[in-house]
2 protein chains.
Amino acid sequence: MPDLMPVLARADQNLPSSLDKLFDLLRIKSISTDPAYKGDCRKAAVWLVEYLQSLGFDASVRDTPGHPMVVAHHAGANPSAPHVLFYGHYDVQPVDPIELWDNDPFEPSIKDAADGRKILTGRGTADDKGQLMTFVEACRAYKDINGALPCRITILFEGEEESGSPSLKPFLEANAAELKADYALVCDTSMWDRDTPAIAAALRGLVGEEVVITAADRDLHSGLFGGAAANPIHILTSVLAGLHDDTGRITLDGFYDGVEETPENIKASWETLGLTTEGFLGDVGLSVPSGEKGRSVLELTWARPTAEVNGIWGGYTGEGFKTVIAAKASAKVSFRLVGTQDPAAIRDSFRAYVRSKIPADCSVEFHPHGGSPAIHLSYDSPVLTKAKTALSDEWPKPAVVIGMGGSIPIVGDFQKMLGMESLLVGFGLADDRIHSPNEKYELTSYHKGIRSWIRIMEALAA
Amino acid sequence: MPDLMPVLARADQNLPSSLDKLFDLLRIKSISTDPAYKGDCRKAAVWLVEYLQSLGFDASVRDTPGHPMVVAHHAGANPSAPHVLFYGHYDVQPVDPIELWDNDPFEPSIKDAADGRKILTGRGTADDKGQLMTFVEACRAYKDINGALPCRITILFEGEEESGSPSLKPFLEANAAELKADYALVCDTSMWDRDTPAIAAALRGLVGEEVVITAADRDLHSGLFGGAAANPIHILTSVLAGLHDDTGRITLDGFYDGVEETPENIKASWETLGLTTEGFLGDVGLSVPSGEKGRSVLELTWARPTAEVNGIWGGYTGEGFKTVIAAKASAKVSFRLVGTQDPAAIRDSFRAYVRSKIPADCSVEFHPHGGSPAIHLSYDSPVLTKAKTALSDEWPKPAVVIGMGGSIPIVGDFQKMLGMESLLVGFGLADDRIHSPNEKYELTSYHKGIRSWIRIMEALAA
């Protein structure tokens, strides 16, 4: 690997300007779920295209009915090396509750942690702008030194990952020939811990549903009507409370169809990772596993399905008190899926269950928010083996292959629509507070992330 | 009654200017629950004082730690007539959801209903500015014709009725000698129907509680933590769903202590009122009584206690979807009390129940919002009998004596602290949408309400 060391050294030299570039991107408020930020999402896409063009990519903003895609192409130095598609997303989560942020979420900064670590703060640092920029900056270092990339690269950046990716499937379908590569690199996941890089080989699926229950045709005074008129908040709480039984199992008909028990050898390998309930939950101020009884926190978050209420609202929620019986009550509910659980069947079962609990004079509406099955990747493909070695060379401890509690629907779409497997490598940490106030990314994640992609590209091209 | 007819005729002549005066008061945004409107509450108090002074009352704004009281005195023409305290409240409910109003809630108007009725629209028209002004305008007509009032009148207007009346008890205590009268007139209730005036003789009590459940020390990603970390929305929905059993009874320990079955003769008298489930619930788009099984809607709303969730919120409630496990979830819960149910015991029982359902690593906070026992007034006092006749003379149908689902804590406070019984007469209608968007008051309620007070004052002074 004659070319590797100069490229790594160049990435080190570039670091200050790599940070400047990342901060420029972080300042763009590309919140995809809120229509008020539509212009900012486009601005982020344009910024990425212009930057990729400056690195020699043939890059363009590609319109969709929602936020635009970014597609970029670059030839590789070695025509026999594989063609790789890199995927990331430039959209970010909303920032509320804004009052819990220590700094402006869109004014990124570098801060010193107590133990001397440096952290990058701001919305999108870890999810996913910081991560996608590790790859872009790896490409830059290559170009700086070699004037070329080691293999042919296509880049796809999405702007709707945090809002269910409504435009993604149609876009992949319409541009399949252009986007099909030998395999995909996806950078939207975490390390095992600060010293141990990880490759994710199992991901939970996701079904999202918004439920709106309507009772009376207006808000009522609870004195005049209380005791006789249906209260939609009562119906909703009863519906949601009934989703779990006393053992933490989900009660929906057919919910566990396709859920297999985790093989003992896999469970044994997880145990060697040394994660304890105290360590995992203690980090966020908790101590009691809340899900199905008798299972480890790794099994609960990697290999078991869940039902979670992500939001609930109804009635008077302001200061003081208002003795009202609301006309409507709403909740956002999501299910994490494993094995071969069918998203459509689970959505149907949930809707049938809710309908069965609605009194005759009340009504319910459902609004779907995305659905994707769980993903299982091969634990011993040559690509995974090469990446594992490359990562192990960069970080203090050897890379591990793990499961993941979150959902990355794109991986299933690549598999189904482009016949392309994905390699999931990311440099986030469990305490990055993605989706929460005070999101951060470690400077080490960014720096060694760039270096990791240089090593992985080199290994894949060899 | 030589003086009565000219005074009634004067009230009829005054009506256009009585409406102008009411509209001036309605335009003041005196929302007591929201600190942003503190200045508006004072403005309403000052407006009332200045208007009462112009009618010859010795009136003043009286400061409290919260919103001010209005106290006004006027001598009576007949020194042997009783001294009467009139109570109303100038504060109003919040107006959200503002988008459901057809008009600006603070720009009152007169509209034509389909059947030719005229209605006054705006927040506070029925609850309680329109109602308290019926009495003020009755006094004005009296003064215009006779230059005097038939009996000695003290007026007390409160500005915190919609926010639990925190300053009321201390104010009554500190000013007991000044406020004590022979009995109180309270105008904050409804007619039986459009043609039938009503005197309320039984009122439910109220206990309000805000509950905040905290799980993790931050919002969590439901992919990373879902299945292992406690979700406070799940705990809250389970707590709230457990408040009622399958028969609609409330499950709290000791909740029904002090609740008596309604005597058969009272139930029989209610049946003669001809109220049907279809009529009562049909008006608001419902049809199925939701509370305890096997009881009429009148019994459910007048004679049975309730537990209602008036508001609930937690997690992500904006547009789109956010796969978050919230750190906190909150609800506002109220209990309507009957018989001799003890507000303090019910609050304690509720808190003990909630605490028993909170996992060891989660916590709960409670914020009390008012508490008052149920009230029972005599069905056959001379005052009630005189008022019943006076009302029956004014309206198409004879007055009825009824129970009431709502709570008017002042009635209990007058009883306990000033040894003074209340006469509850009001001119609202069930479809006035108090506490809801598009609150209204019938022009007939206002006009005949003014005339009703003239007749009642005359009858009481005789």
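Residues numbered from 1 in each chain as written. Chains lettered and ligands numbered in written order. Predicted model: local features only at pLDDT ≥ 70, side-chain atom pairs only at ≥ 80, totals over all residues.

### Some points on the overall build of chain A
Along chain A, the regular secondary structure elements total 14 helices and 18 strands. What you see for chain A is a C-alpha radius of gyration of 23 Å, in line with the 23 Å of a compact globule of 462 residues. Dimensions along the principal axes, computed over C-alpha positions, put chain A at roughly 80 × 50 × 50 Å. Every one of the 462 residues in chain A was classed for burial, and the buried ones make up 56%. Residue pairs at least 24 apart in sequence account for 78% of intrachain contacts in chain A once pairs closer than 6 positions are excluded. (Helix = DSSP H or I, 4+ residues; strand = E, 2+ residues; numbered from the N terminus. Rg over C-alpha atoms; globule rule 2.2 N^0.38 Å. Buried ≥ 20, exposed ≤ 12 C-beta atoms within 10 Å, placed from the backbone. Contact = placed C-beta atoms within 7 Å.)

### Regarding the environment of alanine 72 of chain A
All names here are of chain A. Structurally, alanine 72 can be placed in strand β2 (residues 69–74). Residue alanine 72 is classed as buried on the basis of its 23 C-beta neighbours within 10 Å. Sequence spacing of alanine 72 and isoleucine 450 is 378 residues, and the spatial spacing of their C-alpha atoms is 19 Å. With sequence-adjacent residues up to four places away left out, alanine 72 is seen in contact with Leu52, Phe57, Asp58, Ala59 and Ile155.

### Quick look at the environment of leucine 48 of chain A
Among the secondary structure elements, leucine 48 of chain A is positioned in helix α2 (residues 38–54). Between the C-alpha atom of leucine 48 of chain A and that of alanine 72 of chain A, which follows or precedes it by 24 residues, the distance is 9.6 Å.

### Some details on the confidence of the model for chain A
In the predicted model, chain A carries a mean pLDDT of 93, and the fraction of residues at 70 or more is 99%. Per the prediction output, this complex has pTM 0.73; the corresponding ipTM is 0.72. (pLDDT = per-residue confidence, 0-100.)

### Concerning the domain arrangement of chain A
All names here are of chain A. For chain A, the domain assignment lists domain 1 (4–203 + 374–461) and domain 2 (205–259 + 305–372). Its C-alpha centre places domain 1 at a distance of 35 Å from the equivalent point of domain 2. Counting residues at the interface gives seven residues for domain 1 and 11 residues for domain 2. Each residue belonging to the side of domain 1 that touches domain 2 can be placed in one class, and the counts come to two nonpolar, five polar and no charged. (Domains from an automatic or database assignment. Nonpolar A, V, L, I, M, F, W, Y, C, P; charged D, E, K, R; others polar.)

### A short note on the interface of chain A and chain B
With 83 residues of chain A at the contact, the number on the chain B side is 83 residues. Elements that contribute at least two residues to the side of chain A that touches chain B include exactly β10 (220–221), α6 (222–225), α7 (232–241), α9 (277–282), α10 (297–302), β11 (306–315), β12 (324–325) and β13 (328–337) of chain A. Counting residues per element, the side of chain A that touches chain B draws most heavily on β11 of chain A, at nine residues. Tallied by class, the residues present in the side of chain A that touches chain B amount to 33 nonpolar, 36 polar and 14 charged.

### Brief notes about the relation of the copies chain A and chain B
Relative to chain B, chain A is turned by 180° and slid 0.1 Å along the rotation axis, the superposed coordinates differing by an RMSD of 0.1 Å. Both copies of the chain, as the preceding transformation shows, are related through a two-fold rotation axis. Looking at chain A, 100% of its interface residues are interface residues in chain B too, so the copies touch through the same face. (Least-squares fit on C-alpha atoms with pLDDT ≥ 70 in both.)

### Thoughts on the packing of helix α12 (residues 382–394) of chain A against helix α14 (residues 443–461) of chain A
Residues and elements named next belong to chain A. The contact between α12 and α14 brings their axes to 9 Å, and the two run at 140°. Viewed along their axes, α12 and α14 adopt a mutual orientation that is oblique. In this structure, α12 crosses over α14, and the sense of that crossing is right-handed. Contacts between α12 and α14 involve Val383, Lys386, Ala387, Thr389, Ala390, Leu391, Asp393 and Glu394 from the first element and Lys448, Arg451, Ser452, Arg455, Ile456, Ala459 and Leu460 from the second. Residues of the contact of α12 with α14, tallied by class, amount to seven nonpolar, two polar and six charged. (Axes fitted to C-alpha atoms, helices over the stretch in contact; angles between N-to-C directions. Parallel < 35°, antiparallel > 145°, perpendicular 65-115°, else oblique. Left-handed = near helix turned anticlockwise from the far one by under 90°.)

### Regarding the sheet that holds strand β9 (residues 205–214) of chain A
Spatial ordering of the open sheet is given by β14(A)-β9(A)-β13(A)-β11(A)-β11(B)-β13(B)-β9(B)-β14(B), a layout of eight strands whose pairing is antiparallel. Lying at the two open borders of the sheet, with one neighbouring strand each, are β14 (363–372) of chain A together with β14 (363–372) of chain B. If you compare each strand with its neighbour and ignore which way they point, the axes differ by 20° on average. Helix-sheet contacts for α7 of chain A involve β9, β11 and β13 of chain A together with β11 (306–315) of chain B, and the interaxial angle to β13 of chain A is about 15°. Along the sheet, helix α7 (residues 232–241) of chain B makes contact with β11 of chain A together with β9 (205–214), β11 and β13 (328–337) of chain B, crossing β13 of chain B at roughly 15°. (Pairing = 2+ DSSP bridges.)

### Let's talk about the sheet that holds strand β4 (residues 109–112) of chain A
Residue and element names in this part refer to chain A. Strand order in the open sheet made by the three strands is β4-β5-β18, with antiparallel pairing throughout. Either end of the sheet is taken by a strand with one partner, and the two such strands are β4 and β18 (440–442). When strand polarity is set aside, the average angle formed by the axes of neighbouring strands in this sheet is 35°. With three bridges joining them, strand β5 (residues 118–121) and β18 adopt antiparallel strand pairing. From the neighbouring strand, isoleucine 119 faces β18, where its bridge partner is glutamate 442. The sheet strands contacting α14 are β4, β5 and β18, and the helix crosses β18 at an angle near 55°.

### As for unusual backbone geometry
Omega for the bond connecting aspartate 127 of chain A with aspartate 128 of chain A falls within 30 degrees of zero, at 10°, which places this linkage in the cis form. In this structure, aspartate 128 of chain A sits in the loop between β5 and α3 (129–146). The omega angle of the peptide bond from aspartate 96 of chain B to proline 97 of chain B is -5°, so this bond is cis rather than trans. Turning to its location among the elements, proline 97 of chain B is positioned in the loop between β3 (84–89) and β4 (109–112). Unusually for a residue other than glycine, asparagine 438 of chain A sits at a positive phi of about 60°.

### Things to note about the pairing of strand β8 (residues 198–203) of chain B
Strand residues, when the strand is regular, have side chains that alternate between the two faces of the sheet. Residues and elements named next belong to chain B. Counting buried positions over the six residues of β8 gives six, a clear majority of the element. With five bridges connecting them, β8 and strand β16 (residues 400–404) associate as parallel partners. Bridge assignment links alanine 200 to a residue of β16, and that residue is isoleucine 402. With two bridges connecting them, β8 and strand β17 (residues 422–425) associate as antiparallel partners. The partner of alanine 200 across the bridge, within β17, is leucine 424.

### So, the pairing of β9 of chain A
Residues and elements named next belong to chain A. Buried residues dominate β9, accounting for seven of its 10 residues. Bridge count for β9 against β13 is 10 bridges, and the pairing is antiparallel. Residue pairing for β13: glycine 208 is matched across the bridge by serine 334. Strand direction decides the pairing type here: β9 and β14, joined by eight bridges, are antiparallel. Residue threonine 214 lies in a different strand from β14, and its bridge partner there is serine 363.

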